[in-house]
Amino acid sequence: IIALGHALKEQGFTHMNWNLGCPFARIARKKRGSGLLPYPELVDRILQEVCKEVPIAISIKTRMGYNNANEIIPVLNVLNNHPVRHIIIHPRTGEQMYRGQAQPEAFAECLSISKHPLIYNGDIYNVSQYRKLQARFPEQLTWMLGRGALINPFLPAAIRDYDYTDTEKRERLAGFHNTLWLHARSHIQDERKALGTMKAIWYYLSGIFSGGKQGFDTIKRTTNASDYEKAVALALQKPFANEAELEAYFFSMTKRGAETT
């Protein structure tokens, strides 16, 4: 962590984030990600060294715990003793992965404990859900959208009451895709690997269209660049999903074990 902090400083960065929230077993069983949350004394020992040596600001992303939601309490008390810029909290446990729904009431308890600014992250998949959470936490100014914005890149604009036309959305999505696709083709020599990179993006992005899962399945089955480009062209012409469909796609991904970014 210290070496990375110095390297980032040399590149002009002023802030780094430590992810204490990753729930995946291959990470957590090594006491990394959310697997470190049952060991607040270890978090404390790491930060005692890191905060003395790292030349840029540090923030934390975390969950409520790994085994249970009470594990966050001693961790927050540890973080209160260190100069952390802010803490992003996803109100699920590591063992939950992305199953069920995030628990805003658990975040409310964290607000009463932490001395640092908190950022809410979890299940913000459409404007209506954001407004509900905003009403629940009216003093909360900062939010992390996560998968909701990967499915619908226009969600941040919609939250700010800007509504793109369908034509604008299609043009922007096509431009976004083409930029990524050209970059993948020029940097990844193996065509199948380049396709795999793009399919990982469409795993999320398909949800912006009505019948998103079927659209993704069509793209996923392609095995060469020509067929992939034809499938994408068809996908970009599909009707856009409404809020109920966006919500349904979001939670269908949860059941399929989607990762966040």
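Before any of the text, the structure's been laid out above.
Residues numbered from 1 in each chain as written. Predicted model: local features only at pLDDT ≥ 70, side-chain atom pairs only at ≥ 80, totals over all residues. Heavy atoms only, no water.

(A) Local environment of the side chain of Ser-206. By the element assignment, Ser-206 lies in the loop between helix 10 (191–205) and helix 11 (212–220). Owing to a relative accessible area of 3%, Ser-206 belongs among the buried residues under this scheme. What Ser-206 contacts, discounting residues up to four positions off in sequence, is Gly-212, Gly-215, Phe-216 and Tyr-249. (Helix = DSSP H or I, 4+ residues; strand = E, 2+ residues; numbered from the N terminus. Buried < 20%, exposed > 50% of the residue type's maximum accessible area, 1.4 Å probe, protein only. Contact = heavy atoms within 4.5 Å.)

(B) Structural view of the sheet that holds strand 2 (residues 57–65). Spatially, five strands are ordered 1-2-3-4-5 in an open sheet, and the strand pairing comes out parallel. Looking at strand neighbours, the two that pair on one side only are strand 1 (15–20) and strand 5 (143–144), the edges of this open sheet. Sheet analysis places strand 1 next to strand 2, joined by six bridges and oriented parallel. Residue pairing for strand 2: Leu-20 is matched across the bridge by Thr-62. (Pairing = 2+ DSSP bridges.)

(C) Structural view of the packing of aromatic side chains. Counted under the stated rule, the structure contains 15 aromatic pairs. A ring pair is formed by Tyr-130 and Trp-143, whose centres lie 5.3 Å apart and whose planes are at 75 degrees; its orientation type is edge-to-face. Remark: Trp-143 occurs in strand 5 and Tyr-130 occurs in helix 6 (residues 127–136); sequence separation between them is 13 residues. Here Trp-143 falls in the buried class, since its relative accessible area comes to 16%. These aromatic residues form a ring-pair network of at least three members: Phe-107, Tyr-120, Tyr-130, Phe-137 and Trp-143. (Phe/Tyr/Trp six-rings, centres within 6.5 Å; stacked < 30°, edge-to-face > 60°.)

(D) Seen up close, the packing of helix 10 against helix 11. Their axes nearest at 9 Å, the elements helix 10 and helix 11 cross at an angle of 175 degrees. As the angle between them shows, helix 10 and helix 11 are arranged roughly antiparallel. On helix 11, the residues that touch Lys-199, Trp-202 and Tyr-203 of helix 10 are Phe-216, Ile-219 and Lys-220. Residue classes in the contact of helix 10 with helix 11 are distributed as four nonpolar, no polar and two charged. (Axes fitted to C-alpha atoms, helices over the stretch in contact; angles between N-to-C directions. Parallel < 35°, antiparallel > 145°, perpendicular 65-115°, else oblique. Nonpolar A, V, L, I, M, F, W, Y, C, P; charged D, E, K, R; others polar.)

(E) Looking closely at the environment of Phe-240. Note on placement: Phe-240 falls in the loop between helix 12 (225–235) and helix 13 (243–255). Along the chain, Phe-240 and Asn-80 lie 160 residues apart, while their C-alpha atoms are 44 Å from each other. When residues no more than four places from it in sequence are discounted, the contact partners of Phe-240 are Asp-166, Lys-169, Arg-170, Leu-173, Ile-208, Phe-209, Ser-210 and Glu-245.

(F) View of the layout of surface pockets. Roughly 220 Å³ of volume is contained in the largest pocket. Lining of the largest pocket is provided by 14 residues; of these, Ala-149, Leu-150, Pro-153, Phe-176 and Leu-205 occupy positions nearest its centre. Broken down by secondary-structure element, the contributors of at least two residues to the lining of the largest pocket are helix 7 (147–151), helix 9 (166–187) and helix 10. Residue contributions to the lining of the largest pocket peak at four residues, all from helix 10. (1 Å grid on protein atoms, 1.4 Å probe; cavity = no way out; pocket = protein on both sides within 12 Å on 5 of 7 lines; lining within 4 Å. Points joined across faces, edges and corners; volume = space filled by probe spheres on them.)

(G) View of the pattern of salt bridges. Under the defined criterion, the tally for this structure stands at seven salt bridges. The shortest N-O distance in the salt bridge between Lys-52 and Glu-49 comes to 3.8 Å. In this pair, Lys-52 and Glu-49 both sit in helix 3 (residues 40–53), three residues apart, roughly one turn of the helix. Among the ionic pairs, Arg-131 bridges to Asp-161, the shortest N-O distance being 3.2 Å. Placement of the pair is Arg-131 in helix 6 and Asp-161 in the loop between helix 8 (155–159) and helix 9, with a sequence separation of 30 residues. In this structure, a network of salt bridges that share partners links the residues Arg-92, Asp-123 and Arg-147. (Salt bridge = Lys/Arg side-chain N within 4 Å of Asp/Glu carboxyl O.)

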